[in-house]
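One letter stands for each residue in the lines below.
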Amino acid sequence: MFDGPFQPFYDPSTQRCLRDILDGFFPSELQRLYPNGVPFKVSDLRNQVYLEDGLDPFPGEGRVVGRQRMHKAWDRAEEHPGSRMTAEKFLNRLPKFVIQQGEVIDIQGPIRDTLQNCCPLPARIQEIVVETPTLAAERERSQKSPNTPAPPLSMLRIKSENGEQSFLLMMQPDNTIGDVRALLAQARAMDASAFEIFSTFPPTLYQDDALTLQAAGLVPKAALLLRARRAPNSSPNFSPSPGPSPSPQ
């Protein structure tokens with residue numbers, strides 16, 4: 001990536017980067033180099049062999065005492081494709097949970113905890129569904145009138161300051177940034193003025209609590225981030241959130 005060092009798929013930093021992309025976030029490891037975002041170009045290099053330290057492979061066939069042949073490492077890999085399985089790949093093949101006699105039994109959790117002691121596993125992001133008035137209304141509607149179409153909604157995924165938590169909020173398009181801030185503060189048991197809500201691509205800081213989610217372009221869904229509140233004029237790379245369009249005279 002950007003002509004940097006080779007990053008194995010099983011490396012925790014690679015897993016975090018891919019998870020950010022799949023969750024709709026700009027990878028945190030690139031935010032310092034590209035604070036305003038950068039286009040991605042994906043290349044398929046699955047059929048290329050990566051050589052450590054840029055060394056060329058030995059062109060001949062190795063031999064040891066007794067003229068026994070030594071196979072090349074990639075030859076052995078071709079003979080046994082898929083013989084190596086990372087711990088994360090193994091976990092993904094297991095069901096997350098099963099239901100027995102009405103009880104939900106976690107499958108991946110205990111196995112992950114066991115493997116964590118011997119294998120490098122990326123830290124799990126805790127997903128927290130915030131109880132919003134819209135979510136409660138939708139839950140009631142789906143129970144009473146399951147065949148009626150769902151109204152327009154705004155689905156927000158907001159990552160915490162340290163990236164270890166992801167808050168999921170179901171909101172109405174006419175809800176405001178202030179509504180989102182208040183619900184997050186309640187879910188996190190902290191002061192609403194202690195954090196800021198922003199996006200990285202495009203870089204936007206949502207400061208106007210009266211701005212609706214529709215006017216802010218956060219409908220039908222958006223991926224946002226949190227950070228500790230900073231002093232004014234300390235974020236030159238962020239543009240203010242868009243305000244509502246002026247009404248015609």
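Residues numbered from 1 in each chain as written. Predicted model: local features only at pLDDT ≥ 70, side-chain atom pairs only at ≥ 80, totals over all residues. Heavy atoms only, no water.

Observations concerning the pattern of salt bridges
What counts here: Salt bridge, as used here, is a side-chain nitrogen of Lys or Arg placed within 4 Å of a carboxyl oxygen of Asp or Glu. Only protein chains enter the accessibility calculation, which uses a 1.4 Å probe; a residue is then buried when its area is under 20% of its type maximum, exposed when over 50%, and partly exposed in between. Working definition: helices are DSSP H or I runs of at least four residues, strands are E runs of at least two. Numbering for both runs from the N terminus.
Within the structure shown, the criterion is met by eight salt bridges. Between E131 and R139 there is a salt bridge whose closest N-O contact spans 3.0 Å. E131 gets classed as partly exposed once you look at its relative accessible area, which sits at 46%. The shortest N-O distance in the salt bridge between D209 and R181 comes to 2.9 Å. Of the two residues, D209 sits in the loop between β7 (203–206) and β8 (221–228) while R181 sits in helix α7 (residues 177–188), which places them 28 residues apart along the sequence. Three or more residues are tied together by salt bridges with common partners; here these are E196, R227 and R229.

A few points about the nonpolar core
For soluble globular proteins, the rule of thumb is that nonpolar side chains tend to be buried together. Condition: In these notes, a set of buried Ala, Val, Leu, Ile, Met, Phe, Trp, Tyr and Cys residues joined through side-chain atoms within 4.5 Å is what counts as a nonpolar core. Only heavy atoms enter the contact rule, under which two residues are in contact if any of them lie within 4.5 Å.
L156, I158, L169, V180, L184, I197 and L218 are the most contacted members of the largest nonpolar core, which totals 21 residues. Only β4 (154–159), β5 (165–171), α7, β6 (195–200) and β8 provide two or more residues apiece to this core. The residues contacting V180, other than those within four sequence positions of it, are L156, I158, L169, M171, I197 and L213.

Remarks on the pairing of β5
Heads up, the condition is: Two strands are said to pair when DSSP picks up at least two bridges between them.
Burial analysis of β5 places five of its seven residues in the buried class, which makes it a mostly covered element. Note that strand β3 (residues 126–129) and β5 share four bridges and pair parallel. By the bridge assignment, I128 is partnered in β5 with F167. With six bridges connecting them, β4 and β5 associate as antiparallel partners. Residue L156 lies in a different strand from β5, and its bridge partner there is L169. Here β4 hands over to β5 after five residues, with G163 in that stretch at a positive phi of 75 degrees.

Distances and angles like these do not, on their own, reveal function.
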